[in-house]
Amino acid sequence: QLQLTESGGGLVQPGGSLRLTCDSSGFTLSPFAVTWFRQAPGKEREALSCFGASGVIVNFADSAKGRFTISRDNAKNMVYLQMNSLKPEDTAIYYCRAMGGCDKNSQKFGSWGPGTQVTVSS
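Since the model is a prediction, treat every value here as computed from it, not as a measurement.

Calculation criteria
Residues numbered from 1 in each chain as written. Predicted model: local features only at pLDDT ≥ 70, side-chain atom pairs only at ≥ 80, totals over all residues. Heavy atoms only, no water. Pairing = 2+ DSSP bridges. Helix = DSSP H or I, 4+ residues; strand = E, 2+ residues; numbered from the N terminus. Axes fitted to C-alpha atoms, helices over the stretch in contact; angles between N-to-C directions.

Chemist: I'd like to hear about the sheet that holds strand β3 (residues 18–23), residue by residue, with values.
Modeler: Spatially, β1-β3-β8-β7 is the arrangement adopted by the four strands of the open sheet, whose pairing is antiparallel. Looking at which strands have only one partner, the edges of the open sheet turn out to be β1 (5–7) and β7 (68–73). Along the sheet, successive strands turn relative to each other by an average axial angle of 20 degrees, direction set aside. Two elements, β7 and strand β8 (residues 78–83), share six bridges in a ladder whose sense is antiparallel. When the bridges of β8 are listed, Asp73 appears paired with Met78.

Chemist: Tell me about the pairing of strand β5 (residues 46–51), and name the residues and values.
Modeler: In terms of strand pairing, strand β4 (residues 33–39) meets β5 through five bridges, oriented antiparallel. Across the sheet, the residue bridging to Phe37 is Ala47, located in β5. Between the end of β4 and the start of β5, which pair antiparallel, lie six residues, with Gly42 showing a positive phi angle near 75 degrees. Bridge analysis of β5 against strand β6 (residues 57–59) gives three bridges, and the strand direction is antiparallel. Directly across from Ser49, in β6, lies its bridge partner Asn59. In textbook terms, the turn of a hairpin is the stretch between consecutive antiparallel strands, and for β5 and β6 this stretch comprises five residues, one of which, Gly55, has a positive phi near 100 degrees.

Below, the structure written as structure tokens:
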């Protein structure tokens, strides 16, 4: 089963930046889209950004557009989420998931990992 592991979270002040990493542990990731999700306290898990196997990038969350940038390195089988100008409302657990594509109802592969906690606070 394809398992992805998230890392790079932590405590950061408002206005700060973090780069999250999604690691497939060597599993070939190039055929898959990868989507970053987050789940804030008391809220549903929401999709943030998807990097498709074709190279297409789809941004889903208006609150993150212009501040978050997804990228991938297929040679390393890793996907990244660069987060800038962080706000307290960005506080959440961040997850990545291999997908069949970036379309709304794309199939998810593997299972949810533990995610990585991002806390934005002064």
